[in-house]
Amino acid sequence: MSPASPAVPAAAPETANDVRAPAQVSPHEAGPPMELLRLLDDPLEWSAFSRPDARRANCWQSNVLIEGMHCAACALTLEDALLSVPGVEQADVSAGSHRARVVWSADLVRPSDWMRAIQAAGYRAVPANDAFARERRNREARKALWRLAVAGLCMMQVMMYAYPAYVAAAGDLTPEMEQLLRWASWVLTLPVILFSCGPFFGNALRDVMQRRVSMDLPVALGMLITFAVSSAGTFEPQGHFGREVYFDSLTMFVFFLLAGRWLELRLRDRTAGALEALMNRLPDSVLRQKQDGTYERVPVRRLQMGDLIRVLPGETLPADGVVLLGCTMVDEALLTGESRPVARGVGSAVVAGSHNLSTVVQIRVERVGEQTRYAQIVALMESASTTKPPLARLADRIAKPFLIAVLLAAGLACAFWWGRDPGRALMVAVAVLVVTCPCALSLATPAAMLAAAGTLARRGVLVRRLDAFESLAVVNTVLFDKTGTLTRDAMVLGSSQVREGMPVAQVLAMAAALAQYSLHPVSRALAAAGQGGAGTPWQASAVQEVAGAGVSGQVCSSEVGLPATRLRLGSADFCGVKPVRSDSLQAFLSDEQGWLATFVLHEDVRPDARATVTALRDAGIAVHLLSGDSTEAAGRLAAQVGIGNFQGNCSPQDKLDFLRRAQQSGDKVAVVGDGLNDGPMLAAAHASFAFGQAVPLAQAQSDFVVLGDQIGAIVTTVQLARRTLRVVRQNLAWAAIYNAVCVPLAVLGLLPAWLAGLGMGLSSLLVVFNALRLAKPPTQ
């Protein structure tokens, strides 16, 4: 083991042309050589595929892709191999997404150590953001297609030679002709055995060498026994096995198995596409401004806060920042679910991972690496891709005992039939080996939930825990917080009262001229309202702001023949006017003569809030509003959005008590929150949602994170969760019924080997195709 130090060394000096990317594995290499694995031991490389673990001191959490996995037994084997390495604290491997999450101590182990353990187990690990991962998968898919094509072509030819033996009457075929057809079938089966069956035999040999079992072991045994029995019958027609050959059955079930595996591979790539598209979205390098004003191209991980970067059209933004020069359109679809490009000009905030569509912009970097919103989104998606719902964990636990039982059942069936007909006894054993593959069982839950998670990711909803689908599907009550959920963070102008004789539009334009110099939410609302009006443009000068009170300054207009006027905008005390008792938020405008206007502001209710509440009620879900604001303010909002049950003046403990009372009465409760005081309630709920702008605590406690502004995404998620649970139950029922029916038929000798292979392939495909229906989101 490599010596390790508890501290991460300082970054190496940067050269002007240092564009070194994180260590990648070439798509043409069969396995990562030792020198490449050692490159990953450099602490400077860790951030490319790992992040510090917040719960353990000097521990890192790495996400890697696993190549060579085929079933739940593989996942358990990998977890055991990883946990056997000293210093690996936790290992979670998902058979559905082929991803692993490894938590390891930098004091005790280096990445190359646990990656070698994966390699020694017969698999291949590459960083989750490896640039060549998709190219390697495409290359493997092409190989799989070639194997399938060879098996299909040979199968058709073998079936043609086998057909006369099925239809010929007694005496129609001479022994010489029958033997010639057998030899022709044997020759055509050789490419299938030597080329198409290569992955099955290779994986089975790996299992035997390491004294373990996976789904490929019984399948390979079945293939080998069938070919051996048929070859014996071809070489010795008068021997024990000479009565019949099974080359047609062999080539047929190899073809069916390869077809099922190839389609399963394509469907898995499709469901995991959203995660991969997001994780590989950042560029490798970016143009950074030097002190002399020129630009140099540097690796993205070399960026620091305060750097000035230039992003060209067609490039992806590498960090969060603020636009200093230029105005462009950016695509934030993968980050917010917003399908339309949005405008970003000088002073606008931009986020890493968004795509620059139109013009060159200069950006000041404000957040890099783990602090960016992009990194937080990727972390959530990585976490979801390696989580195992309870149903999936149960299927994984029974996978290995099930496979051992399959081998025993095949042996017993062979022994039972041996005294009657040795040839048939071996083929009965083959049918049992092939038909009882647990693929459908192990894929039933993760295939459906990963498909649903991918669908939600494309619509701007991230899933932190896959098992939250099970909880959300049975929810019958939803608790909403008010601020930041049903309403936006911003304020909007409700009504205006102005001095008699003054045009409302003109007074609003005067207030907006002052308000644009303040970042206070009330000022922003008035500035936005003034810009949208038809009043005469006014300019402000000598502006001064008193924190928490208001803003004052000289306001004039060149189009109105009036001298500059001294105005005050803010609270009643700041403006020197008499306050008016009201439950609504008010801002006042005064001049040298006194009161000029009163502006009543409201929270900005989300446009789809009422439709969302209605849709939830139509789905049989009770809706409640809990708010820390006054009862009157909570009641007004409840009336606006159609909620009949509301409660104001709620402390965090009041909200938590309400939730627990609902749960004690038997309700399954989901919570939608956004804010620090929602954390306890989000953690205690059966399922929880947080909006993307929520504080980190709220995001850490929630099961789903809504990245955009559409609260209707909650309805979509609830509907999809219910569909997902139905699909999971259908998949599990199908897998159980399939094994309950086919295993007895195979043991009784009523299921030929080719039909067993067809049943095995179709069972897995049915599960995956059924899960793929979740790729189409429900319509609201």
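Bear in mind that the values here come from a model prediction, so they are computed numbers and not experimental data.

K.L.:
Got a minute to help me understand the sheet that holds strand β25 (residues 669-673) in this structure?
P.N.:
Pairing between the strands of a sheet is mediated by backbone hydrogen bonds and can be parallel or antiparallel. Pairing is mixed across the open sheet formed by seven strands, whose spatial order is β15-β27-β26-β25-β16-β23-β24. With partners counted over all chains shown, the strands left at the sheet margins are β15 (461-463) and β24 (645-647), one partner each. When the angles between neighbouring strand axes are averaged without regard to direction, this sheet yields 20°. With four bridges connecting them, strand β16 (residues 477-480) and β25 associate as parallel partners. Paired with Phe 480 across the two strands is Val 672, which belongs to β25. Contacts between helix α22 (residues 631-641) and the sheet are confined to β23 (622-626) and β24, with β24 contributing the most and set at about 155° to the helix. Contacting β15, β16, β25, β26 (687-691) and β27 (704-706), helix α26 (residues 713-747) runs over the sheet at an angle of about 150° to β26.

K.L.:
Explain the pairing of strand β14 (residues 361-367) here, please?
P.N.:
For a regular strand, the rule is simple: side chains alternate between the two faces of the sheet. Two strands pair when backbone bridges link them, and strand β8 (residues 308-311) and β14 are joined in this way by four bridges, in the antiparallel orientation. Directly across from Leu 308, in β14, lies its bridge partner Arg 364. Pairing of strand β9 (residues 320-325) with β14, which is carried by five bridges, proceeds in the antiparallel orientation. Following the sheet pairing, Leu 325 is matched in β14 by Gln 362.

K.L.:
Please explain the pattern of salt bridges as it appears in this structure.
P.N.:
Side-chain pairs of opposite charge can arise whenever the charged atoms involved come near each other. Going through the model one piece at a time under the given rule, you end up with twelve salt bridges. The partner of Glu 67 in a salt bridge is Arg 124, with the nearest N and O atoms 3.0 Å apart. Remark: Arg 124 occurs in strand β5 (residues 124-127) and Glu 67 occurs in strand β2 (residues 59-67); sequence separation between them is 57 residues. A salt bridge links Glu 315 to Arg 297; its shortest N-O distance comes to 3.6 Å. With Glu 315 in the loop between β8 and β9 and Arg 297 in strand β7 (residues 295-299), this pair connects stretches of sequence that are 18 residues apart. The partly exposed category is assigned to Arg 297, whose relative accessible area is 31%. Linked by salt bridges that have partners in common, Arg 288, Glu 296 and Asp 307 make up one network.

K.L.:
Could you clarify how one ought to interpret α26 in this entry?
P.N.:
Residues spaced three or four apart along an α-helix point in a common direction, a consequence of the helix completing one turn every 3.6 residues. Given a rise of 1.5 Å per residue, 35 residues ought to cover 51 Å, and the 50 Å separating the end C-alpha atoms of α26 matches this to within 8%. Once α26 ends, the next one or two residues include Gly 749, with phi positive near 80°.

K.L.:
Hey, could you run me through helix α8 (residues 216-235) in this one?
P.N.:
Under the 1.5 Å per step criterion, the end-to-end length of α8 is 28 Å for 20 residues, consistent within 8% with the ideal 28 Å. Buried residues dominate α8, accounting for 14 of its 20 residues.

K.L.:
Help me out: how do you make sense of a nonpolar patch on the surface in this one?
P.N.:
Together, Ile 737, Val 741, Leu 745, Leu 748 and Leu 750 make up a nonpolar patch on the protein surface, roughly 460 Å² of accessible area in all. Within the secondary structure, Leu 745 is located in helix α26. The class of Leu 745 is partly exposed, set by a relative accessible area of 31%.

K.L.:
Can you help me understand the packing of aromatic side chains in this one?
P.N.:
Describing an aromatic ring pair means giving the distance of the ring centres and the angle of the ring planes. Scanning the entire structure with this criterion turns up nine aromatic pairs. Where Trp 183 meets Trp 186, the ring centres are 5.7 Å apart and the plane angle is 75°; that geometry is what we call edge-to-face. Residue Trp 183 and its partner Trp 186 are located together in helix α6 (residues 175-196), separated by three residues, close to a single helical turn. Measuring from ring centre to ring centre gives 5.1 Å for Trp 183 and Phe 235, while their planes differ by 50°; the resulting arrangement is tilted. Highlighted residues: Trp 183 in helix α6 and Phe 235 in helix α8, separated in sequence by 52 residues. Classification of Trp 183 as partly exposed rests on a relative accessible area of 33%. An aromatic cluster is built from Trp 183, Trp 186 and Phe 235, whose rings are joined through pairwise contacts.

K.L.:
What's the story with the environment of Leu 324 in this structure? I'm lost.
P.N.:
With respect to the helices and strands, the residue Leu 324 is situated in strand β9. A sequence separation of 37 residues divides Leu 324 from Val 361, and the C-alpha atoms of the two residues are 7.5 Å apart. Setting aside its immediate chain neighbours within four residues, Leu 324 contacts Leu 308, Val 346, Gln 362, Ile 363 and Arg 364.

Cut-off values and rules
- Residues numbered from 1 in each chain as written.
- Predicted model: local features only at pLDDT ≥ 70, side-chain atom pairs only at ≥ 80, totals over all residues.
- Heavy atoms only, no water.
- Pairing = 2+ DSSP bridges.
- Helix = DSSP H or I, 4+ residues; strand = E, 2+ residues; numbered from the N terminus.
- Axes fitted to C-alpha atoms, helices over the stretch in contact; angles between N-to-C directions.
- Contact = heavy atoms within 4.5 Å.
- Salt bridge = Lys/Arg side-chain N within 4 Å of Asp/Glu carboxyl O.
- Buried < 20%, exposed > 50% of the residue type's maximum accessible area, 1.4 Å probe, protein only.
- Expected span 1.5 Å × (residues − 1).
- Patch = residues over 30% accessible without salt bridge, like charges linked within 9 Å, V, L, I, M, F, W, Y side chains within 5 Å.
- Areas by Shrake-Rupley, 256 points an atom, 1.4 Å probe, with all protein chains shown as cover.
- Phe/Tyr/Trp six-rings, centres within 6.5 Å; stacked < 30°, edge-to-face > 60°.

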